[in-house]
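Spelled out, the chains give:
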Amino acid sequence: NFPQLSAETVSSLILSTSSDLQTIMIQMAELTDILESGGIENKYGKRLIRVVKEIYVPLSLKLGLGRSNWQLEDDCFEMENKNAFHKIRKLVNKTREDREELIEKIKKEVTCLLKNKVAVQISGRPKNFYAIHKKMKNVTFKNIHDLYGLRIICNKDKECYEVLGYVHSKYDFLPNAFDDYIAKPKKNGYKSIHTAVKYGKDIIEFQIRTWEQH
């Protein structure tokens, strides 16, 4: 137990003092297997869920392991609140594989759209069920615009707006989902352009920013 240290502090300490990141990554893979097999209930008890959520989830973010982060959060969510988990799965109505295929499809389209126009790096992800659950505390499911998200990183502010223009020229965008945090940064200094577009029956959110802002 770490009663006087925050989870953020503990995960930072683990990362800064570890000389073997491979060991940490193996531990996270083992935890994922335990959670998915249901072994946490049968063998380890639900106390492990707290350790995973408070230590290994933020640790996976620090290591840039987005897929592990998604999986650990969703596995803990399902163990803690099966009814809410399955309700969201029904609302999303797509398998994880289908959702990731959708992201890859639009990534390829946008890569072709921007080829020889603007040098960018594009990444994407579907929103995991736990993140959807948290967001639904403030908005209804149909008003969540970032179930699918693409992040486009440019070199200059000017290029962010160029990319925005190309995206809006190809897809129908939602005016009520547009925010320019480059022109008007958030109070914490966050800078990025957010926009959402229609993609068939789905909505895709784009975050466009520079490397410095990222």
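These numbers come from a predicted model, not from an experiment.

(A) Here's a closer look at the environment of Ala196. Within the fold, Ala196 resides in strand β4 (residues 193–199). With a relative accessible area of 1%, Ala196 lands in the buried category. Along the sequence, Ala196 and Phe178 sit 18 residues apart, while their C-alpha atoms lie 6.8 Å from each other. Not counting residues within four places of it along the chain, the set of residues in contact with Ala196 comprises His145, Asp172, Phe173, Leu174, Ala177, Ile203, Ile204 and Glu205.

(B) Region of interest: the nonpolar core. By size, the foremost hydrophobic cluster in this structure holds 34 residues, and its most contacted members are Val110, Ile152, Phe206 and Ile208. Counting only elements with at least two residues in this core, the list comes to α6 (82–92), α7 (96–114), α8 (129–135), β2 (148–154), α9 (157–170), β4 and β5 (202–210). Here the element with the most residues in this core is α7; it accounts for 6 residues. The contact partners of Val110, leaving out residues within four places of it in the chain, are Ile122, Leu150, Ile152, Tyr171 and Phe206. Among the nonpolar cores identified, the runner-up in size contains 10 residues, and Val52, Tyr56, Leu59 and Met79 belong to it.

(C) Broad picture of unusual backbone geometry. Phi angles above zero are rare outside glycine, and Asn93 is one such case at about 60°. Within the secondary structure, Asn93 is located in the loop between α6 and α7. The backbone phi angle of Asn116 is positive, close to 65°, even though this residue is not glycine. Mapped onto the elements of the fold, Asn116 is located in the loop between α7 and β1 (121–126).

(D) Main features of the environment of Thr140. Its location among the elements puts Thr140 in the loop between α8 and β2. Only 2.9 Å separates the side chain of Thr140 from the side chain of Asn143, close enough to count as a polar contact.

(E) Structural detail: the sheet that holds β5. Spatial strand order, β1-β2-β5-β4-β3: 5 strands in an open sheet with mixed pairing. This sheet does not close on itself; its edge strands, each paired only once, are β1 and β3 (179–180). Pairing between β3 and β4: 2 bridges, direction antiparallel. In the sheet register, Asp180 faces β4, and the bridge partner there is Ile193. Against the sheet, α9 makes contact with β2, β3, β4 and β5, and its axis sits at roughly 160° relative to β5, the strand it touches most.

How each quantity is defined
Residues numbered from 1 in each chain as written. Predicted model: local features only at pLDDT ≥ 70, side-chain atom pairs only at ≥ 80, totals over all residues. Heavy atoms only, no water. Helix = DSSP H or I, 4+ residues; strand = E, 2+ residues; numbered from the N terminus. Buried < 20%, exposed > 50% of the residue type's maximum accessible area, 1.4 Å probe, protein only. Contact = heavy atoms within 4.5 Å. Core = buried A, V, L, I, M, F, W, Y, C linked by side-chain atoms within 4.5 Å. Polar contact = N/O pair within 3.5 Å; in protein donor to acceptor, adjacent residues only side chain to side chain. Pairing = 2+ DSSP bridges. Axes fitted to C-alpha atoms, helices over the stretch in contact; angles between N-to-C directions.

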